[in-house]
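Chain by chain, the residues:
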Amino acid sequence: MPKERIGIMGGSFNPIHERHLEMAVGARREQKLERIIFLPTGNPPHKRSGLEDAEDRFEMTRLAVFGMPGFTASRMEVDREGVIYTVDTLGKLQKQMPDTAFDYIIGEDTLMDLPNWRKPDKVFGLCRFLVVCRTSEDISQLPIVKELEARGATFAFLSLPPSPGSSTAVREKLERGEEPDELPPQVMEYIRLMGLYGQKASPAGAKAFYPRLRRALSDKRLVHSLLVAHTARGLARKHGLDEDQAAMAGFLHDCAKCLPLAQMQQIARDNRLLLDKETLQSGNLLHGPVGAVIAEKEYGVTDPNILSSIRCHTTGKVGMLPLDMIVYLSDKIEPSRRSYPVLEEVRRLAQVNLGAAMLHSLESTLEYVRSQNTTPHPLTQQVADWLKRIVKTEK
């Protein structure tokens, strides 16, 4: 029976960026790998200067690969003590999965450094190397390849075009106050949240309660919340509103989402929330007003505008303020949402007119609900009618 082939992406991931993900996607596709394990290193023998904490680098990696088919992040190197070498990691993996063939995915710069690895000849017997070019057009012809093959190394060369992208370049952009295009948006938001790479921790206080929110939400919901915070921050910047307010509201908007409906209902009763029957019977609606209670009582949010935007992000409300609209829209248009024509138009409108974007989104919702022969929530129609009166739609 053929061995399972598993790809290994090792490195400091300081931070992980899109080129890392491109390399993994290309390797899995071209070499028919079953899956790929990302292994952020905990205490590497090199790259100590400017290296962020292992827990932060692992969390960024976990967030970046979540939802990508066949990709997982492993704590194997993060949790080990002492100086960590690839030869030891591969040896442990081989013992854990004796019927597996390992392909170690590396870039051109790592290829040049292979002779300096600890016990390189032993490493050559534990894995094959899948190499991605960085600057050279055909790295298979480099002299070092023949030298290492003579020592027992095995190589396959991936077809990704050269790219100079690196974590060093990403860090330099961050330190200049730029938002690198190379970063997945959920990773960028985590960097801001934790104040990494010279960024000011933003929004204030979120770093302290990130672990609590991570425990309260599923991984899918946590990534969504970071993406909503990222989108809300961008819309706030575009429309001249407070970015920290918008990011905090986006980050916490779903803080009640993973609670059982019965628990949400109990919180609503305990806090005497005046809600209609439809909202009380639906977790998809109730987590908004209950989330505002939790944001205040458990996460210490006192800003009434933030609490308002969390409260009404599921149904909207007549008289919505710009921050309310930003959070409502960000929940709908964040980058992981599957693209379709209405969504793309809402995304476009959100950049120029929040009210028009809200109206377009609500009207499409009303149309869809009616096409399913069901009754829309009364607030949806009320908010749409209110918006029709106040919005000057772009011609």
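Just so you know, the residues in each chain are numbered from 1, in the order the chain's sequence is written. For a predicted model such as this one, the threshold for reporting local features is a pLDDT of at least 70, and the threshold for listing and counting side-chain atom pairs is 80 or more; totals across whole chains, interfaces and linings nevertheless cover every residue. Side-chain calculation: all heavy atoms of the structure are included, whereas hydrogens and water are not.

Student: Is there a simple way to think about the pairing of strand 4 (residues 100-107) in this case?
Tutor: The two faces of a sheet get side chains in turn, since along a regular strand they alternate between them. A 1.4 Å probe rolled over the protein chains alone gives each residue an accessible area, and that area as a share of the maximum for its type sets the label: buried under 20%, exposed over 50%, partly exposed in between. Under the DSSP-based scheme used, a helix requires at least four consecutive residues in state H or I and a strand at least two consecutive residues in state E, with every element numbered from the N terminus. Of all eight residues that make up strand 4, eight are buried, and the element is covered over most of its length. Residues Thr100, Phe102, Tyr104 and Ile106 of strand 4 are buried on one face, and the alternating residues Ala101, Asp103, Ile105 and Gly107, pointing to the opposite face, are buried as well. Strand pairing is assigned whenever DSSP detects at least two bridges linking the two strands. Taken together, the five bridges between strand 1 (residues 4-11) and strand 4 define a ladder with parallel strand orientation. Within the sheet, the bridge partner assigned to Arg5 lies in strand 4 and is Ala101. In this sheet, strand 5 (residues 128-132) lies alongside strand 4 in parallel orientation, the contact comprising five bridges. Paired with Ile106 across the bridge in strand 5 is Val131.

Student: Even after reading the chapter, I still don't get the environment of Lys3, so can you show me in this structure?
Tutor: Following the sequence through the fold, Lys3 ends up in the segment before strand 1. C-alpha separation for the pair Lys3 and Glu30, spaced 27 residues apart in sequence, amounts to 17 Å. Ignoring sequence-local partners within four residues, the contact set of Lys3 consists of Pro98, Asp99, Thr100 and Ala101. Any two residues whose heavy atoms approach within 4.5 Å at even a single point are treated as in contact.

Student: Help me understand the packing of aromatic side chains in this model?
Tutor: Aromatic ring pairs are described here by two measures, namely the spacing of the ring centres and the angle between the planes. Aromatic contacts are taken between Phe, Tyr and Trp rings whose centres are within 6.5 Å, Trp giving its six-membered ring; a plane angle under 30 degrees counts as stacked, one over 60 as edge-to-face, and the others as tilted. One pass over the structure, following the stated rule, counts 12 aromatic pairs. Through a chain of ring-to-ring contacts, three or more aromatic side chains come together here, namely Tyr104, Trp117, Phe124, Phe129, Phe155 and Phe157. Both a distance and an angle decide whether a charge sits over a ring: NZ of Lys or CZ of Arg must be within 6 Å of the ring centre and within 35 degrees of the ring normal. Stacked on the ring of Phe58, the Lys or Arg Arg75 has its end atom at 5.0 Å from the ring centre. Here the basic side chain of Arg118 rests over the ring of Tyr85, its NZ or CZ set 4.8 Å away from the ring centre.

Student: Help me understand unusual backbone geometry in this model?
Tutor: Among all residues except glycine, the phi angle is most often negative; among peptide bonds, the trans geometry is most common. Cis geometry is adopted by the peptide bond preceding Pro15, which originates at Asn14 and carries an omega value of 5°. Its location among the elements puts Pro15 in the loop between strand 1 and helix 1 (18-31). Here the amide bond leading from Ser202 into Pro203 is cis, since omega sits at 0°, within 30 degrees of zero. For Phe13, which is not a glycine, the phi torsion comes out positive at approximately 45°. As for its placement among the helices and strands, Phe13 is situated in the loop between strand 1 and helix 1. With a phi angle near 55°, Lys32 is a residue other than glycine that sits in the positive phi range. Owing to a relative accessible area of 65%, Lys32 belongs among the exposed residues under this scheme.

Student: Explain the packing of helix 10 (residues 219-238) against helix 16 (residues 322-333) here, please?
Tutor: Helix packing geometry: the angle between the two helix axes and the distance between the axes. For the pair helix 10 and helix 16, interaxial distance at closest approach is 8 Å and the crossing angle is 130°. Taken together, the axes of helix 10 and helix 16 are oblique relative to one another. Regarding helix 10 and helix 16, the two cross each other, and that crossing is right-handed. Here helix 10 contributes His224, Val228, Thr231, Ala232, Leu235 and Ala236 to the contact with helix 16, which in turn contributes Ile326, Ser330, Asp331 and Ile333. Three classes are used, and their members are as follows: Ala, Val, Leu, Ile, Met, Phe, Trp, Tyr, Cys and Pro are nonpolar, Asp, Glu, Lys and Arg are charged, and the others, Gly among them, are polar. Partitioning the contact of helix 10 with helix 16 into residue classes produces six nonpolar, three polar and one charged. Every axis in this analysis is a line fitted to C-alpha atoms, fitted for helices over the stretch in contact. Angles between the N-to-C directions lie between 0 and 180 degrees. Here roughly perpendicular refers to angles of 65 to 115 degrees, roughly parallel to angles under 35, roughly antiparallel to angles over 145, and oblique to all remaining angles. If you view the pair so one helix is near and one far, a crossing is left-handed when the near helix is turned anticlockwise from the far one by less than a right angle, and right-handed when it is turned clockwise.

Student: Please clarify how the sheet that holds strand 6 (residues 155-157) should be interpreted in this entry.
Tutor: Strands sit in the order 3-2-1-4-5-6 across an open sheet of six strands; the sheet is parallel. At either end of the open sheet lies a strand with only one pairing partner, and these are strand 3 (71-73) and strand 6. Between one strand and the next, the sheet's axes are offset by a mean angle of 30°, whatever the strand orientation.

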